[in-house]
Amino acid sequence: NDPDVNDTWSITATLCPAWLTLMDQGDGTAVLIGLPGPTDAGDHAVSLRVEDGSGQSDTLAFTIHVTPPASVTYVDGALGVDDMDHGKGPGAAAFRTIQYAVDHTAVGGTVHVAEGLYSEHVLVSHSLTLRSGVGEDVRDSRVVIDGGGNGNALTIQADQVTVLGLSLQNAAIGVNVTDGEDVA
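Here is a short report on the structure shown in this document. These numbers were taken from a predicted model, which means no experiment stands behind them. (Residues numbered from 1 in each chain as written. Predicted model: local features only at pLDDT ≥ 70, side-chain atom pairs only at ≥ 80, totals over all residues. Heavy atoms only, no water.)

## Topic: the overall build of the protein
Part 1 of the reasoning: Counting its secondary structure elements, the protein contains one helix and 15 strands.
Part 2 of the reasoning: For 184 residues, the compact-globule formula gives about 16 Å, and the C-alpha radius of gyration of the protein, at 22 Å, lies well above that figure.
Part 3 of the reasoning: The principal-axis extent of the C-alpha atoms belonging to the protein is close to 70 × 30 × 30 Å.
Part 4 of the reasoning: For the protein, with 184 residues in total, the buried portion stands at 33%.
Part 5 of the reasoning: Excluding contacts between residues fewer than 6 apart, the proportion of contacts in the protein whose partners are at least 24 apart in sequence is 43%.
Part 6 of the reasoning: Per element, the accessible surface of the protein, about 10,200 Å² overall, is 50% carbon and sulfur.
Part 7 of the reasoning: Both charge centroids of the protein, one from 6 positive and one from 25 negative side chains, sit 14 Å from each other. (Helix = DSSP H or I, 4+ residues; strand = E, 2+ residues; numbered from the N terminus. Rg over C-alpha atoms; globule rule 2.2 N^0.38 Å. Buried < 20%, exposed > 50% of the residue type's maximum accessible area, 1.4 Å probe, protein only. Contact = heavy atoms within 4.5 Å. Areas by Shrake-Rupley, 256 points an atom, 1.4 Å probe, with all protein chains shown as cover. Lys, Arg positive; Asp, Glu negative; His and termini not counted. Charge placed at Lys NZ, Arg CZ, Asp CG, Glu CD.)

Quick look at the structure:
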């Protein structure tokens, strides 16, 4: 209970991971915003300091746990859902978009994509394998990434990326490797 009812408060993060940003709303509240990357799994300490206009302050410390991404994920554009309860299997257990799966697959992992037309621009920024189907001969693939008439259908910005059995269409550039070695 603060006796200085009309005080202005400032909230700052004195400790937080680089991928997390604190936004002081200026009304005694703040919002933490961030997106951990595939290598940020584990516990991350956060410490917030609240100070009033007279210089009195208090600190709140807590831990944010980031669950490691899966080493194998699945995509099904017709049946999947892009949330963290999906991606663990084919069909209705899969993610809906390739990009969501790429973003939630561990470094060195594999994304299995069910046949279908995927209207999206995919950016791969860490090493992984992006392949059609599950165990099928990728030469018979019916997985198509449609770039919507602009941009890159697939952009690779990482080393050790393998793409198997995907067709690209309707993009200014099908595959654009902007940074990466050992890309196949």
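From this point, things continue past the structure.
## So, the pattern of salt bridges
Part 1 of the reasoning: Evaluated as defined, the whole model comprises three salt bridges.
Part 2 of the reasoning: Residues D82 and R96 are paired through a salt bridge, measuring 4.0 Å at the closest nitrogen-oxygen approach. Placement of D82 in the loop between β6 (70-75) and α1 (98-103) and of R96 in the loop between β6 and α1 is noted, with a sequence separation of 14 residues between them.
Part 3 of the reasoning: When its relative accessible area of 42% is taken as the criterion, R96 is described as partly exposed.
Part 4 of the reasoning: Here E115 ties to R142 by a salt bridge, and the two come within 3.8 Å at their closest N and O atoms. One end of the pair, E115, is in the loop between β7 (105-113) and β8 (116-119); the other, R142, is in the loop between β10 (128-132) and β11 (143-146), with 27 residues separating them in the sequence.
Part 5 of the reasoning: A residue is classified by how much of its surface remains accessible, and R142, at 56% relative accessible area, is exposed. (Salt bridge = Lys/Arg side-chain N within 4 Å of Asp/Glu carboxyl O.)

## Examining the packing of aromatic side chains
Part 1 of the reasoning: Tallied over the full model, the rule gives one aromatic pair.
Part 2 of the reasoning: An angle of 70° between the planes, with centres 5.0 Å apart, marks the rings of F95 and Y100 as edge-to-face.
Part 3 of the reasoning: Residue Y100 is classed as partly exposed on the basis of its relative accessible area of 21%. (Phe/Tyr/Trp six-rings, centres within 6.5 Å; stacked < 30°, edge-to-face > 60°.)

## Quick word on the environment of Q169
Part 1 of the reasoning: Tracing the sequence through the fold places Q169 in strand β14 (residues 166-169).
Part 2 of the reasoning: Separated by 65 residues in the primary sequence, Q169 and H104 place their C-alpha atoms 24 Å from one another.
Part 3 of the reasoning: When neighbours within four sequence positions are excluded, Q169 is seen to be in contact with L117, V144, I145, D146 and G147.

## Things to note about a nonpolar patch on the surface
Part 1 of the reasoning: Taken together, the side chains of M23, V31 and I33 make up a nonpolar region of the molecular surface, amounting to roughly 240 Å² of accessible area.
Part 2 of the reasoning: Tracing the sequence through the fold places V31 in strand β3 (residues 30-34).
Part 3 of the reasoning: Given the relative accessible area of 34%, V31 is considered partly exposed. (Patch = residues over 30% accessible without salt bridge, like charges linked within 9 Å, V, L, I, M, F, W, Y side chains within 5 Å.)

## What to know about unusual backbone geometry
Part 1 of the reasoning: Phi at Q160 takes a positive value of approximately 55°, unusual for a residue other than glycine.
Part 2 of the reasoning: Structurally, Q160 is set in the loop between β12 (152-157) and β13 (161-164).
Part 3 of the reasoning: A positive phi is found at N170, a non-glycine position, where the angle reads about 55°.
Part 4 of the reasoning: Take N170: it is sitting in the loop between β14 and β15 (173-179).
Part 5 of the reasoning: You can call N170 partly exposed: its relative accessible area is 44%.

## What about the sheet that holds strand β1 (residues 9-15)?
Part 1 of the reasoning: With antiparallel pairing, the three strands of this open sheet are ordered in space as β1-β4-β5. The strands lining the two open edges of the sheet, one partner per strand, are β1 and β5 (57-66). In this sheet, neighbouring strand axes are inclined to one another by 25° on average, regardless of whether the strands run parallel or antiparallel.
Part 2 of the reasoning: Alignment of β1 against strand β4 (residues 42-52), held across six bridges, turns out to be antiparallel. Bridge pairing links A13 to L48 in β4. (Pairing = 2+ DSSP bridges. Axes fitted to C-alpha atoms, helices over the stretch in contact; angles between N-to-C directions.)

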